[in-house]
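Each chain, letter by letter, is given below.
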Amino acid sequence: MIQTDKLLDAKGLACPMPIVRTKKAMTELEPGQVIEVQATDKGSLADIKAWAKSSGNQYLGTFEEGDVLKHYLRKADQSEEKEEVQFPHTVTNAELKEQMGRDDVVVLDVREPAEYAFGHIEGAISIPLGELENRTAELDAEKEVIVICRTGNRSDFAAKQLADKGFGRVKNAVEGMSQWDGETEQNNA
């Protein structure tokens, strides 16, 4: 049993709410204190890790108990904290539609496989955020990569990762699939 200073119940919440609530709860902790975040959104694992890395807080690990993911984070002290910065290169969904069909553009969907299966932009490549670090070789670094998720949060983390790995033409689709009104396709199991 891990000793924690705070418990956050984010069960039943979908992206971006587990991370939104985690950010708020972390402001109530003292440096060095540990929070347990309970979530049922499978994507929360990648979200929590990416947010911790970008904020300077320490991701300690995750245990899975049934359908519940228990994430553990330690609050950073002032010397470890980083100011969160949004990825500066973005597109709206309308701008994304205009870019589609170009040979030098790739749409990268970083949502979880189930989210992708039930509706994605035709031709989008599916690489969940949690797998991106190990799968960037599947992408052409010479092409413009437009990253999309459900709400623009997970894709923001992904866009930063790609830029850090040398991708020079990356944009975050900030409105996400939740506001996409273009055509979609589904994968049938």
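Residues numbered from 1 in each chain as written. Predicted model: local features only at pLDDT ≥ 70, side-chain atom pairs only at ≥ 80, totals over all residues. Heavy atoms only, no water.

Q: In this structure, what is going on with the overall build of the chain? I would like to understand it.
A: Assigned secondary structure in the chain consists of six helices and nine strands. Its C-alpha atoms give the chain a radius of gyration of 17 Å, within 12% of the compact-globule value 16 Å for 189 residues. Structurally, the chain occupies a C-alpha span of about 50 × 40 × 25 Å along its principal axes. Going through the 189 residues of the chain one by one, you find that 46% of them count as buried. Taking the contacts inside the chain whose residues are at least 6 apart along the sequence as the reference set, 72% of them involve residues at least 24 apart. Counting only carbon and sulfur atoms, one obtains 47% of the accessible surface of the chain, whose full area is about 9900 Å². Between the centroid of the 23 positive side chains of the chain and the centroid of its 35 negative side chains there is a distance of 3 Å. (Helix = DSSP H or I, 4+ residues; strand = E, 2+ residues; numbered from the N terminus. Rg over C-alpha atoms; globule rule 2.2 N^0.38 Å. Buried < 20%, exposed > 50% of the residue type's maximum accessible area, 1.4 Å probe, protein only. Contact = heavy atoms within 4.5 Å. Areas by Shrake-Rupley, 256 points an atom, 1.4 Å probe, with all protein chains shown as cover. Lys, Arg positive; Asp, Glu negative; His and termini not counted. Charge placed at Lys NZ, Arg CZ, Asp CG, Glu CD.)

Q: Hey, could you run me through helix α6 (residues 153–164) in this one?
A: With 12 residues, α6 extends 17 Å between its outermost C-alpha atoms, agreeing within 8% with the 16 Å of an ideal straight helix rising 1.5 Å per residue. Within α6, nine of the 12 residues are buried, which leaves it mostly tucked inside the rest of the structure. Looking only at α6, the buried set comprises R154, S155, D156, F157, A158, A159, K160, Q161 and L162. Buried positions along α6 lie against α2 (44–55), β6 (105–109), α4 (113–117), α5 (129–135), β8 (144–148) and β9 (170–173). Just downstream of α6 lies G166, where phi reads positive at about 95 degrees. (Expected span 1.5 Å × (residues − 1).)

Q: Help me out: how do you make sense of the domain arrangement of the chain in this one?
A: Bring the parts together and some accessible area is lost; that lost area is often taken as the interface size. Per the domain assignment, the segments of the chain are domain 1 (6–76) and domain 2 (80–179). Between domain 1 and domain 2, the contact holds 19 residues from the first and 12 residues from the second. Approximately 1400 Å² of surface area, both sides summed, lies buried where domain 1 meets domain 2, with 50% of it carried by carbon and sulfur atoms. Considering only the surface of domain 1 that becomes buried against domain 2, C15, A46 and S54 emerge as the three largest contributors, covering 29% of it. For the pair domain 1 and domain 2, the number of links is two salt bridges. Among the ionic pairs, R154 bridges to D41, the shortest N-O distance being 3.5 Å. Along the contact surface separating domain 1 from domain 2 lie two residue pairs in polar contact (both at pLDDT 80 or more). In terms of residues, the side of domain 1 that touches domain 2 owes the most to one element, α2, which gives eight residues. (Domains from an automatic or database assignment. Buried area = accessible area lost by both parts, 1.4 Å probe. Salt bridge = Lys/Arg side-chain N within 4 Å of Asp/Glu carboxyl O. Polar contact = N/O pair within 3.5 Å; in protein donor to acceptor, adjacent residues only side chain to side chain.)

Q: What am I meant to see in the sheet that holds strand β2 (residues 34–39) here?
A: Within a beta sheet, neighbouring strands are joined by backbone hydrogen bonds and run either parallel or antiparallel to one another. Spatially, four strands are ordered β1-β2-β4-β3 in an open sheet, and the strand pairing comes out mixed. The open sheet is flanked by β1 (6–10) and β3 (58–65), the only strands paired with a single partner. Ignoring strand direction, the axes of neighbouring strands in this sheet form an average angle of 20 degrees. Here β2 pairs with strand β4 (residues 68–74) via six bridges, running antiparallel. (Pairing = 2+ DSSP bridges. Axes fitted to C-alpha atoms, helices over the stretch in contact; angles between N-to-C directions.)

Q: I would appreciate a short explanation of the packing of aromatic side chains in the present structure.
A: Within a pair of aromatic rings, the relevant descriptors are the distance that separates the centres and the angle that separates the planes. Per the counting criterion, the structure on display carries one aromatic pair. Taken together, a centroid distance of 5.9 Å and an interplanar angle of 70 degrees make the contact between F63 and Y72 edge-to-face. Overall, Y72 belongs to the buried group, its relative accessible area being 6%. K97 extends its terminal NZ or CZ atom over the ring of W180, reaching a point 5.6 Å from the ring centre. (Phe/Tyr/Trp six-rings, centres within 6.5 Å; stacked < 30°, edge-to-face > 60°. Lys NZ or Arg CZ within 6 Å of the ring centre and 35° of its normal.)

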